[in-house]
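Reading the structure
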Amino acid sequence: MLAPKKVKYRKIQKGRVRGAESRGLELAFGDFGLKSTETARIDTRALEAARIALTRHIKRGGRVWIRVFPDKPFTKKPAETRMGKGKGSPEGWVACVRPGRILFEMEGVDHATAREAMRLAAQKLPIKTIVVEREAQGFGA
């Protein structure tokens, strides 16, 4: 699963995920992409499940890029613990996603296969998404 090798701070505050995305809006690598339409924190398990669903459907043909990285730790306190006594220990990692962000990209597969693979991957994620495609390059001027 995705996790950073090293971070500056072990625990960080939750913060707010607000507004629209300003980076990662366009397809940069592949011909098809999965774009978020909502705000959310996506954890490593959800990203990994989506990636596996995607690659299984295309039967390891084509190429897949993951455009988000979970670099924000979240903490949890043990069950049945009284209030107070500080913040819990780091439990996992999340990627903060805002509307407009491309989450996955894919190339090397046909239109129908790509759309179905993206649909299966989207079911594994906790947010609403849309499938985007690169515009066909026209011949001549």
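Our subject is the structure that appears above.
Below you will find a few notes about this structure. Predicted model, so just to flag it, every value in this text is computed and none were measured. (Residues numbered from 1 in each chain as written. Predicted model: local features only at pLDDT ≥ 70, side-chain atom pairs only at ≥ 80, totals over all residues. Heavy atoms only, no water.)

**Section: the sheet that holds strand β6 (residues 102–107)**
Note the cut-off: Two strands form a pair only when DSSP identifies at least two bridges running between them. To qualify as a helix, a DSSP run of H or I must reach at least 4 residues; to qualify as a strand, a run of E must reach at least 2; elements of each kind are numbered from the N terminus. Every axis in this analysis is a line fitted to C-alpha atoms, fitted for helices over the stretch in contact. Angles between the N-to-C directions lie between 0 and 180 degrees. By the convention used here, residues are in contact when the closest approach between their heavy atoms is within 4.5 Å.
Judged by pairing direction, the sheet is antiparallel, and its four strands sit side by side in the order β3-β6-β1-β7 without closing on themselves. Each edge of the sheet is formed by a strand with only one pairing partner; in this case those strands are β3 (63–66) and β7 (129–133). Strand-to-strand twist in this sheet, taken as the mean axis angle between neighbours without regard to direction, amounts to 20 degrees. Of the strand pairs in this sheet, β3 and β6 are connected by four bridges, and their pairing is antiparallel. In the strand pairing of β6, I66 is matched with F104. Helix α1 (residues 44–57) rests against β3 and β6 of the sheet, and its axis sits at about 20 degrees to β6.

**Some remarks on the environment of D43**
Summarising the element assignment, D43 is placed in strand β2 (residues 40–43). Counting along the chain gives 89 residues from D43 to V132, while the straight-line C-alpha distance between them is 23 Å. When sequence neighbours within four positions are dropped, the list of residues in contact with D43 reads W93 and V94.

**What to know about the packing of aromatic side chains**
Aromatic ring pairs: the centre-centre distance and the angle between the two ring planes describe each pair. Selection criterion: Stacked, edge-to-face and tilted are the three classes for Phe, Tyr and Trp ring pairs, Trp counted by its six-membered ring, which pair at centre distances within 6.5 Å; planes under 30 degrees apart are stacked, over 60 edge-to-face, the rest tilted. Each residue is placed in one exposure class: buried if its accessible area under a 1.4 Å probe, protein chains only, is under 20% of its type's maximum, exposed if it is over 50%, and partly exposed if it falls in between.
In total, this model carries one aromatic pair according to the counting rule given. Measuring from ring centre to ring centre gives 5.5 Å for F29 and W65, while their planes differ by 20 degrees; the resulting arrangement is stacked. Taken together, the residues span a long stretch of sequence, with F29 in the segment before β1 (32–36) and W65 in strand β3 at a distance of 36 residues. Residue W65 is classed as buried on the basis of its relative accessible area of 14%.

**Remarks on the sheet that holds strand β4 (residues 72–76)**
Strands sit in the order β2-β5-β4 across an open sheet of three strands; the sheet is antiparallel. Edge strands, defined here as strands with exactly one partner in the open sheet, are β2 and β4. Strand-to-strand twist in this sheet, taken as the mean axis angle between neighbours without regard to direction, amounts to 50 degrees. As paired strands, β2 and strand β5 (residues 89–97) are joined by four bridges and run antiparallel to one another. Bridge pairing links D43 to V94 in β5.

**Considering the nonpolar core**
The condition is simple: In this text, buried Ala, Val, Leu, Ile, Met, Phe, Trp, Tyr and Cys residues form a nonpolar core when linked through side-chain atoms within 4.5 Å.
Counting residues in hydrophobic clusters, the biggest one holds 23 residues, and the most contacted among them are I42, L103, F104, M106 and L125. Mapped onto this core, the elements with two or more residues apiece are β1, β2, α1, β5, β6 and α2 (111–123). When residues of this core are assigned to their parent elements, the largest contribution, five residues, is made by α2.

**So, the pattern of salt bridges**
Test applied: The salt bridge definition used is simple: a Lys or Arg side-chain nitrogen within 4 Å of an Asp or Glu carboxyl oxygen.
Evaluated as defined, the whole model comprises eight salt bridges. The shortest N-O distance in the salt bridge between E21 and R98 comes to 3.4 Å. Remark: R98 occurs in the loop between β5 and β6 and E21 occurs in the segment before β1; sequence separation between them is 77 residues. For E21, a relative accessible area of 13% puts it in the buried group. Measuring nitrogen to oxygen at the nearest pair gives 3.7 Å for the salt bridge that ties D31 to R134. Of this pair, D31 sits in the segment before β1 while R134 sits in the segment after β7; the two residues are 103 residues apart in sequence, bridging distant segments of the chain. D31 gets classed as partly exposed once you look at its relative accessible area, which sits at 33%. Of the residues examined, R134 reaches a relative accessible area of 34% and is grouped as partly exposed. One continuous salt-bridge network, built from bridges that share partners, spans E21, R98 and R101.

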